[in-house]
Amino acid sequence: MELNFKYVLDMRAFDELRTLEMFFKDESRHGVSIVDLYELVQHAGNILPRLYLLCTVGSVFIKSKEAPAKDALKDLVEMCRGVQNPIRGLFLRSYLAQVSRDKSPSLGSEYEGGEDTVMDTVEFVLQNFTEMNKLWVRMQHQGPVRIREKLEKERNELRDLVGKNLHVLSQIEGVNLELYRDTVLPRVLEQIVNCEDERAQYYLMDCIIQVFPDEYHLQTLETLLGAFPQLQPTVDIKTVLSRLMERLSNYAASSPDVLPEFLQVEAFAKLSSAIGKVIEAQVDMPIVGAVTLYVSLLTFTLHVHPERLDYVDQVLGACVKLLFGKPKLEEGRATKQIVALLSSPLEKYNDIVTALMLSNYPCVMDCLDDKTNKVMAMVIIQSIMKNNTCISTADKVEVLFELLKGLIKDLDGTAVDELDEEDFNEEQNSVARLIHMLYNDDSEEMLKIICTARKHIMAGGPTRLPFTVPPLTFSALRLVRKLQAHDGNVVGEEEEPATPTKIFQLLNETIEALSSVPSPELALRLYLQCAESANDCDLEPVAYDFFTKAFILYEEEVADSKAQVTAIHLIIGALQRMNVFGVENRDTLTHKATGYSAKLLKKPDQCRAVYTCSHLFWVDEKDGIKDGERALLCLKRALRIANAAQQMANAINGTSGPVTLFVEILNKYLYFLEKGNPQITSAAIQGLVELITDEMKSDSTPDPASDAFFASTIRYIQFQKQKGGVMGEKFGPIKM
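Residues numbered from 1 in each chain as written. Predicted model: local features only at pLDDT ≥ 70, side-chain atom pairs only at ≥ 80, totals over all residues. Heavy atoms only, no water.

### Section: the overall build of the protein chain
To keep it simple, the criterion reads: Going along the chain from the N terminus, every DSSP run of H or I of four or more residues is numbered as a helix, and every run of E of two or more is numbered as a strand. Working definition: with a 1.4 Å probe on protein chains only, accessible area under 20% of the residue-type maximum means buried, over 50% means exposed, and in between means partly exposed. By definition in these notes, contact holds between two residues if any of their heavy atoms fall within 4.5 Å. Computed with a 1.4 Å probe, the accessible areas rest on the Shrake-Rupley method; for each residue, only the protein chains presented here act as cover.
Secondary structure assignment for the protein chain yields 36 helices and zero strands. Of all 736 residues assigned to the protein chain, the portion counted as buried reaches 50%. In the protein chain, the proportion of contacts linking residues at least 24 apart, taken out of those at least 6 apart, comes to 71%. When the accessible surface of the protein chain is split by element, carbon and sulfur atoms take 51% of a total near 34700 Å².

So, in structure tokens, the structure goes:
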């Protein structure tokens, strides 16, 4: 509050002094000697008013051109040393800088020429800057220790008075690159380093970066960077250096024409060396600060030298060297910076394949704690999915899965029970989607990819396999279909040929591991999928083996009654589509299927499974099996089971219950009648219709759904009777 009040007073005083300056100008025009005025004000009693008056008259004196501007400026800047109170001295010198700004000799100004040069102006501003900085630094030592915090706050509020000098230097016409490189920058850096004050060094280094042109920074990079290791250990160098690299990156992005300049001055090498020296000099710099520097350097590299992967890898390598031998990072800010470091190449190249070429990329990931490692692995997968990137070689898959090992297997003995179930499921679903992005048109290489992925996936443990084995299985089956289209195999130069048999053997072992997890229902489904693919490849022994494995799982592992119903229908559906089996093998499998169907726990489930088995004996295809008698036996057996179910319901509930099962069986009869099964007669259908009608009449609590189902079936029969033709002849004998 006190400082703000002083600041307001000084600003008002500056305005009043401007009025006084106008008065002095008028006096000089009325014959009063400005030299006499300049000498007269020096006799003022108090030094502070004397110097303000001296600066005001000095401004008019310079404007009158009665003396060289450089002499007057030199005299004024020396005279101001008379005020050593930091705050008063800062405002006084700020006023001097203000009144002299438009009267300094600069290129093209009215004061240039003769003895006055641009160099004189630069010298004046540099000298004033040096003195102001000394006063500003000295403020921290004023007053007792108990008000130190207040003094630091006041110092922070007055910093712009010092920084304006650097802004003035950057605006002087005639301060070209040569003058900046040889005079301005060395003098400013010398003052910054010598002041040995943390706040001043941070602020003034930042001012240099912000006020001077980018091309000057690029051409004087070595000089500028050389000052950083000399700063106080407590200075926040990472922020200043990061801003410098950000400005240079933007400068490089502004025009392709400037890129050769970066190569010419070896900007990357100088920045990399400077960061190393800063980290070495500041032994107490936290890890997050050092990593932040490398993030900025990597961002600079990706903007300026995107084609130089060796530079990118060098930055990652430096980060690995920094973290080597230290515990895995767990501190939040540090891990975020590492994630940012690893994400930068992905965002720049939009291609994980490019990142996989960086040898130090996995090493940096290894420095992360398990939780952050998983976060980074998810970022990699999301990048692959977003850019639809195909991983096309086994070597790349090996490197990729090493990067993703935090998701693929447990790290450091972390139990899966400790993980959040929702997060775990999301992670594993992401891995499953990733597996579909592993592809190569060359079948031999694709088999290598599958084998490489399988090696990593099988180490995932029982909770991960149900997520990752299915996509791997379907990826392998896709390769099988491709090989089948190319006569079954592709011969490599040295390796064994990729054949369907070889792939099925691999799948057999993989699914067997899944079945022991245990996840029997999923394993059974995959066995059936493999059996169908083996059928398409005309491999009867392989298909039979897969069906055998499926039946064994059903017998030994599938215990839940609902799961048994689903499983037996899947087995029946898969078996129906098989045409590779000989009579003996098919009879064995169909017998097993019908036998298990009749052993289901609930009668309705038994009935539906048994009548579904009828399709195993009558396949409506050109070369499909047509055993009408055995199909009819299945329907009759289903009818007996339905009768038993009705009797059981009557015994328990006192009513026969719905006739839904009978109507379903009736529809199967009609289906086989249409398909030409000679064993299905109109008399049998008519008898079944009458049975259903009688059951419905005797049911005291009719079921609307069953009634509607039966009525719809009757309408269908009538429709077919009226249709005429072949169908009319088949349905004609049925009397309604």
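So, next bit.
### Structural notes on a negative patch on the surface
For clarity, the threshold we go by: Each patch is assembled from residues with relative accessible area greater than 30% and no salt bridge, linking like charges that lie within 9 Å and nonpolar side chains (Val, Leu, Ile, Met, Phe, Trp, Tyr) that lie within 5 Å. The term salt bridge refers to a side-chain nitrogen of Lys or Arg lying within 4 Å of a carboxyl oxygen of Asp or Glu. Within this scheme the basic residues Lys and Arg register as positive and the acidic residues Asp and Glu register as negative, but His and the chain ends are omitted. A single reference atom marks each charge: NZ on Lys, CZ on Arg, CG on Asp, CD on Glu.
On the surface, a cluster of negative charge is contributed by Asp 420, Glu 421, Glu 422, Asp 423 and Glu 426. Structurally, Glu 421 is set in helix H23 (residues 421-435). Judged by relative accessible area, Glu 421 falls into the exposed class, the value being 60%.

### Details of the environment of Pro 470
Here Pro 470 is to be found in helix H25 (residues 465-485). With a relative accessible area of 13%, Pro 470 lands in the buried category. Separated by 53 residues in the primary sequence, Pro 470 and Ala 523 place their C-alpha atoms 8.7 Å from one another. When sequence neighbours within four positions are dropped, the list of residues in contact with Pro 470 reads Leu 465, Leu 522 and Leu 526.

### Topic: the side chain of Ser 533
Within the fold, Ser 533 resides in helix H27 (residues 520-536). Excluding its chain neighbours within four sequence positions, the residues that come into contact with Ser 533 are Leu 477 and Phe 504.

### Side note on the pattern of salt bridges
For the coordinates displayed, the defined rule picks out 21 salt bridges. Taking the shortest distance from any N to any O, the salt bridge between Asp 206 and Arg 243 comes out at 2.9 Å. You can see Asp 206 sitting in helix H9 (residues 198-211) and its partner Arg 243 sitting in helix H12 (residues 237-254), a full 37 residues away along the chain. Owing to a relative accessible area of 13%, Asp 206 belongs among the buried residues under this scheme. In this structure, Lys 405 and Glu 402 form a salt bridge, with 3.8 Å as the shortest nitrogen-oxygen distance. One salt-bridge network, in which partners are shared between bridges, spans Glu 78, Arg 81 and Glu 131.

### So, helix H7 (residues 148-171)
Applicable threshold: For a helix, the expected span equals 1.5 Å multiplied by the number of residues minus one. Bend, in this description, refers to the angle at a residue between axes fitted to the seven residues ending there and the seven starting there.
Taking 1.5 Å as the rise per residue, H7 with 24 residues should run 34 Å; its terminal C-alpha atoms sit 35 Å apart, in good agreement. In H7, a bend of some 40 degrees at Glu 157 exceeds every other bend along the element.

### Details of empty space enclosed by the protein
Rule in force here: With a 1 Å grid laid over protein atoms only, a set of points is called a cavity when a 1.4 Å probe fits there but cannot get out and a pocket when it is open yet has protein on both sides within 12 Å along at least five of seven lines; lining residues have an atom within 4 Å of a point. Grid points are joined across faces, edges and corners, and a volume is the space filled by probe spheres set on the points. When residues are sorted by character, Ala, Val, Leu, Ile, Met, Phe, Trp, Tyr, Cys and Pro go into the nonpolar class, Asp, Glu, Lys and Arg into the charged class, and all the rest, Gly among them, into the polar class.
Counting across every chain of the model gives one cavity of 30 Å³ or more. Taken as a whole, the largest cavity holds about 40 Å³ of empty space. In terms of lining residues, the largest cavity is bounded by Pro 658, Val 659, Met 696, Asp 699, Pro 702, Asp 703, Ser 706 and Asp 707. Broken down by class, the residue content of the lining of the largest cavity amounts to four nonpolar, one polar and three charged.

### Quick word on the packing of aromatic side chains
Here a ring pair, both rings aromatic, is described through the centre-centre distance and the interplanar angle of the planes. Worth spelling out the cut-off: Between 30 and 60 degrees the pair is tilted, below 30 it is stacked and above 60 it is edge-to-face, where a pair is any two Phe, Tyr or Trp rings, Trp via its six-membered ring, whose centres lie within 6.5 Å.
Going through the model one piece at a time under the given rule, you end up with 15 aromatic pairs. Taking 5.2 Å as the distance between ring centres and 35 degrees as the angle between the ring planes, the aromatic pair formed by Tyr 180 and Tyr 216 counts as tilted. Linking Tyr 180 in helix H8 (residues 177-195) with Tyr 216 in helix H10 (residues 214-219), this pair joins segments that are 36 residues apart in sequence. The two residues Tyr 180 and Tyr 216 agree in class, both being buried. Measuring from ring centre to ring centre gives 4.2 Å for Phe 268 and Tyr 311, while their planes differ by 10 degrees; the resulting arrangement is stacked.

### A few points about the packing of H8 against H9
This is how the line gets drawn: Angular values range over 0 to 180 degrees, each being the angle between N-to-C directions of two axes fitted as lines to C-alpha atoms, with helices fitted over their stretch in contact. In this scheme, roughly parallel covers angles under 35 degrees and roughly antiparallel covers those over 145, while 65 to 115 is roughly perpendicular and the rest are oblique. Working rule for handedness: look at the near helix, and if it is turned counterclockwise from the far one by less than a right angle, call the crossing left-handed; if clockwise, right-handed.
Viewed as axis vectors pointing N to C, H8 and H9 meet at an angle of 160 degrees, and their least axial separation amounts to 9 Å. As the angle between them shows, H8 and H9 are arranged roughly antiparallel. Where H8 crosses over H9, the two elements pack in a sense that is left-handed. Note on element contacts: H9 touches H8 through Ala 200, Gln 201, Leu 204, Met 205 and Ile 208, opposite Tyr 180, Leu 185, Val 188, Leu 189, Ile 192, Val 193 and Cys 195. Tallied by class, residues from the contact of H8 with H9 come to 11 nonpolar, one polar and no charged.

### Quick word on the nonpolar core
We apply this condition: Joining through side-chain atoms within 4.5 Å is the link that ties buried Ala, Val, Leu, Ile, Met, Phe, Trp, Tyr and Cys residues into a set, and such a set is a nonpolar core.
In terms of nonpolar packing, the biggest core is built from 225 residues, with Ile 208, Phe 228, Tyr 361, Ile 380, Leu 400 and Phe 547 touching the most fellow members. Setting aside its immediate chain neighbours within four residues, Phe 228 contacts Met 205, Ile 209, Ile 237, Val 240, Leu 241 and Val 278.

### Description of the packing of helix H33 (residues 660-674) against helix H34 (residues 682-698)
How two helices sit against one another is set out by the angle between their axes and by the gap between those axes. Packing of H33 against H34 brings their axes to within 10 Å, and their N-to-C directions diverge by 165 degrees. The pairing of H33 with H34 is recorded here as roughly antiparallel in orientation. For the crossing formed where H33 meets H34, the hand is left-handed. Residues Phe 662, Val 663, Ile 665, Leu 666, Tyr 669, Leu 670 and Leu 673 of H33 pack against Ala 684, Ile 685, Leu 688, Val 689, Leu 691, Ile 692 and Glu 695 of H34. Its residues assigned to classes, the contact of H33 with H34 comprises 13 nonpolar, no polar and one charged.

### Points about unusual backbone geometry
Working note: non-glycine residues mostly have negative phi, and peptide bonds are mostly trans. A positive phi is found at Glu 266, a non-glycine position, where the angle reads about 55 degrees. Turning to its location among the elements, Glu 266 is positioned in the loop between helix H13 (259-265) and helix H14 (267-281). One non-glycine residue, Asn 350, lies in the positive phi region at around 50 degrees. Relative to the assigned elements, Asn 350 resides in the loop between helix H17 (332-349) and helix H18 (352-356).

### Considerations on H9
Note the following rule: Pairs of N or O atoms are called polar contacts if they sit within 3.5 Å, as long as, within protein, a hydrogen donor faces a hydrogen acceptor (for residues adjacent in sequence, only side-chain-to-side-chain pairs).
Over its 14 residues, H9 runs 20 Å from end to end, which matches the ideal 20 Å to within 8%, given 1.5 Å per residue. Residues of H9 that are buried include every one of Ala 200, Gln 201, Tyr 203, Leu 204, Met 205, Asp 206, Cys 207, Ile 208 and Ile 209, and no others. Next to the buried residues of H9 lie helix H6 (118-138), H7, H8, H10, helix H11 (221-227) and H12. Capping of H9 at its N-terminal end is provided by Asp 197; its side-chain oxygen lies 3.4 Å from the backbone amide nitrogen of Arg 199.

### Details of the confidence of the model for the protein chain
So the rule is basically this: For every residue, the predictor assigns a confidence score, pLDDT, that lies between 0 and 100.
Model confidence for the protein chain is summarised by a mean pLDDT of 85, while 87% of its residues fall at 70 or above. Between residues 490-494, whose pLDDT stays under 50, and residues either more than four places distant or in other chains, the model counts seven contacts.

### Side note on the environment of Glu 178
Here Glu 178 is to be found in helix H8. Spatially, the C-alpha atom of Glu 178 lies 9.8 Å from that of Gln 219, the residues being 41 residues apart in sequence.

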